[in-house]
Structure formats: structure tokens, C-alpha cells
Amino acid sequence: MSTPTFAQRTAGPYDLIVAAFVGLLLISNVAAVKLIQFGPDVEVLGFPVLPIITDGGFILFPLTYVIGDVLAEVYGLRGARRAIVMGFVMASIASLTFLLVGIAPAAADWPNQTAYDAILGFVPRIVVASLAAYFVGQFLNAWVLVWMKTRRRDGGLWARLLGSTLVGQAADTTIFCLVAFYGVLTGGSMLNYILVGFVYKVLVELLVMPITYRAVKFVKRREPTYADSAPVTDDVDV
């Protein structure tokens, strides 16, 4: 079995990529508190096809998987894992901060406490759902991509991107939807929510795959350690 080549994190744009990754994650987590609905009520054989139900995170969150693909492809599982853990820590800190601000006494002349609680209030189910789905989904995404790369070296990038996306997004979407909204959405509505979220995220990654290709090549060219004559070994154990 060939040993794939990975860049070290001693030079290049790694820190900037991680910063963008964490920033998109935090923005998406805040946006995800709003459920969004498109279309009228339409059923086919008793299954609700419309309305399409999703959440505000759908705008940016798929891009975290695009950046996650770049991290795993260029830096390997160790490099991706560092970014994933950093995102998990910062998302946890954000949730704790929103909690502390929410329970702090509001100023007498500030009338927006109810609005703050409704949008940024600490909702344990949403927080647990978001963190668990992100952690499992991103790790699976990185693991699958690196595992596939150990078998094909640098060839077959499109297959690695697609395979890792299908596994990671399936886990992420299912975990978040079930933990966050089980009981709020039931039956066909819950299945609609999960399927719409999964299909949308996968389609977004497919649409931007040419950009992901270019991003991977761009980062590889700017990582002086990626093409070292002595390849950097990388484990594939989670």
C-alpha cells in the first residue's frame, strides 16, 4: 500500500484556512436557530413533498465541508482533526457565552431580553445537536477522504470528495435533525427535513466541486512541505 503525501503545518496558509473554517461554523450555528419553509403544502401518496423545510444554517454550513475537504486532502487527518477540535471548542465557548449573557440581568432601559432569549438563548437540545452532528460529521468526512487517499495516492480526487461528502453529510444531517427537532417535527415532516438537508448539502458540494479542486491545487502549490521528497505519513485512525 502506498504512503500518501501530506503537507506539514509549519508553513503556508493552514492557519488562515482554519480561521475561515471556524468562522463559517460559528455563523452557521447562529443562523440555524431559525427554521425556514419554502412552498405550499403538497403530498404524494401521503408523504409531504412540500413545503421544503430547512434551517438558516443551509446558506453557509455546506462550505465548512468544502474547507474540511481541503484540510483533509492537503494536511491529512491530523491537520483536519486540529481544525475540527478548534471549531468544537469555539462553538462550545460561543454557546456558553450566549448562556451567560442571557442570564445576566438586563439593563432597565433595554427592552429586548425576550428577543435575545428567542434567538441566542441557550437551548440545550440545539447546542447538543449542533456540536454532536458537527463533530461526528466532520470527523467522518475527513476520515473517509484520508482513507480513500491511502488507497489511490493523489489520484481520484473527485471520488474522495464525493465519498467523504456523502458519509459526512448523512451523519451530520441525521444527527442534528433528530436531536434538535425530534418531537417538534414528526413523521413525514422530519423525514422531509432530513432528506432536504442532506440532498441540498450534497448538491452544493457537487456544484462547487470545481472550486474545491482549484482550492486544493492552490493550497498544495503554496505548501512547501506538501511535495517534500520524504512524504509525511499520516494515520487514518479516528
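Everything numeric here is computed off the predicted structure, so don't read it as measured data. (Residues numbered from 1 in each chain as written. Predicted model: local features only at pLDDT ≥ 70, side-chain atom pairs only at ≥ 80, totals over all residues. Heavy atoms only, no water.)

1. Quick notes on the overall build of the protein chain
A count of helices and strands for the protein chain gives seven helices and two strands. Along its sequence from the N terminus, the protein chain presents helices and strands in the succession α-β-β-α-α-α-α-α-α. Residues counted as buried form 43% of the 238 residues belonging to the protein chain. If you take every contact in the protein chain between residues at least 6 apart in sequence, the share linking residues at least 24 apart comes to 80%. In the structure as shown, the protein chain presents an accessible area of about 12,100 Å², 70% of it carried by carbon and sulfur atoms. (Helix = DSSP H or I, 4+ residues; strand = E, 2+ residues; numbered from the N terminus. Buried < 20%, exposed > 50% of the residue type's maximum accessible area, 1.4 Å probe, protein only. Contact = heavy atoms within 4.5 Å. Areas by Shrake-Rupley, 256 points an atom, 1.4 Å probe, with all protein chains shown as cover.)

2. What to know about the layout of surface pockets
Here the largest pocket defines a volume of roughly 340 Å³. Lining of the largest pocket is provided by 22 residues; of these, Asn29, Val33, Ser95, Ile126 and Val127 occupy positions nearest its centre. Of all the elements in the fold, those that place two or more residues in the lining of the largest pocket are α1 (14–31), α2 (61–103), α3 (113–120), α4 (124–152) and α5 (157–181). Taken together, the residues that form the lining of the largest pocket break down as 17 nonpolar, four polar and one charged. Each pocket or cavity is described by its volume, and for the second largest pocket that value is around 200 Å³. Contributing to the lining of the second largest pocket are Ile17, Leu24, Leu63, Val66, Ile67, Val70, Val208, Ile211, Ala215 and Val219. At four residues, the largest contribution of residues to the lining of the second largest pocket is made by α2. Broken down by class, the residue content of the lining of the second largest pocket amounts to ten nonpolar, no polar and no charged. (1 Å grid on protein atoms, 1.4 Å probe; cavity = no way out; pocket = protein on both sides within 12 Å on 5 of 7 lines; lining within 4 Å. Points joined across faces, edges and corners; volume = space filled by probe spheres on them. Nonpolar A, V, L, I, M, F, W, Y, C, P; charged D, E, K, R; others polar.)

3. Some thoughts on the nonpolar core
Within the largest apolar cluster, 35 residues are counted, with the highest numbers of intra-cluster contacts made by Ile17, Phe21, Leu71, Val74 and Tyr75. Looking at this core, the elements with two or more residues in it are α1, α2, α4, α5 and α7 (209–221). The greatest single-element share of this core, amounting to 13 residues, is contributed by α2. Not counting the four nearest positions on each side in its chain, Ile17 is found in contact with Ile67, Val70, Leu71, Tyr75 and Val219. Formed by twelve residues, the second largest nonpolar core is a distinct cluster that contains Ala129, Ala133, Phe176 and Met190. (Core = buried A, V, L, I, M, F, W, Y, C linked by side-chain atoms within 4.5 Å.)

4. Observations regarding α1
The terminal C-alpha atoms of α1, which comprises 18 residues, lie 26 Å apart, in line with the 26 Å expected from a rise of 1.5 Å per residue. The secondary structure elements touched by the buried residues of α1 are α2, α4 and α7. (Expected span 1.5 Å × (residues − 1).)

5. Remarks on the packing of aromatic side chains
Throughout the structure, instances matching the rule amount to six aromatic pairs. Here Phe21 and Tyr134 contribute two aromatic rings whose centre-to-centre distance is 6.3 Å and whose plane-to-plane angle is 45°, an arrangement assigned as tilted. With Phe21 in helix α1 and Tyr134 in helix α4, this residue pair connects regions lying 113 residues apart in the sequence. The pair formed by Phe21 and Tyr134 is uniform in burial state, with each residue classed as buried. When the ring of Phe176 is compared with that of Phe181, the centres are 6.1 Å apart and the planes differ by 75°; the resulting orientation is edge-to-face. A connected cluster of aromatic rings, assembled from ring pairs, spans Phe88, Phe135 and Phe139. (Phe/Tyr/Trp six-rings, centres within 6.5 Å; stacked < 30°, edge-to-face > 60°.)

6. As for empty space enclosed by the protein
Overall, the coordinates contain one cavity of 30 Å³ or more when judged by the stated rule. Its volume calculated, the largest cavity comes out at about 230 Å³. Residue lining of the largest cavity: 19 residues in total, with Asp55, Phe61, Asp172, Phe176 and Lys201 positioned closest to the centre. Elements that contribute at least two residues to the lining of the largest cavity include exactly α1, β2 (47–55), α4, α5 and α6 (187–207). Classifying every residue of the lining of the largest cavity by side-chain character gives nine nonpolar, seven polar and three charged.

7. Observations concerning the confidence of the model for the protein chain
Mean pLDDT over the protein chain stands at 82; residues scoring 70 or higher make up 88%. In the predicted structure, residues 229–238 sits below a pLDDT of 50 and forms 29 contacts with residues beyond four places in sequence or in another chain. (pLDDT = per-residue confidence, 0-100.)

8. A look at the pattern of salt bridges
The final tally for this structure, using the stated rule, is four salt bridges. Residue Glu73 pairs with Lys220 through a salt bridge whose shortest N-O separation is 3.0 Å. Taken together, the positions of Glu73 in helix α2 and Lys220 in helix α7 put the pair 147 residues apart, joining distant regions of the chain. Taking the relative accessible area as the measure of exposure, Glu73 reaches 0% and is therefore buried. According to the relative accessible area criterion, Lys220 is buried, its value standing at 19%. Where Asp172 meets Lys201, a salt bridge forms, and the shortest distance between an N and an O atom there is 3.5 Å. You can see Asp172 sitting in helix α5 and its partner Lys201 sitting in helix α6, a full 29 residues away along the chain. In this pair, the class of Asp172 matches that of Lys201, namely buried. Through salt bridges with shared partners, a single ionic network connects Glu73, Lys149, Arg160 and Lys220. (Salt bridge = Lys/Arg side-chain N within 4 Å of Asp/Glu carboxyl O.)

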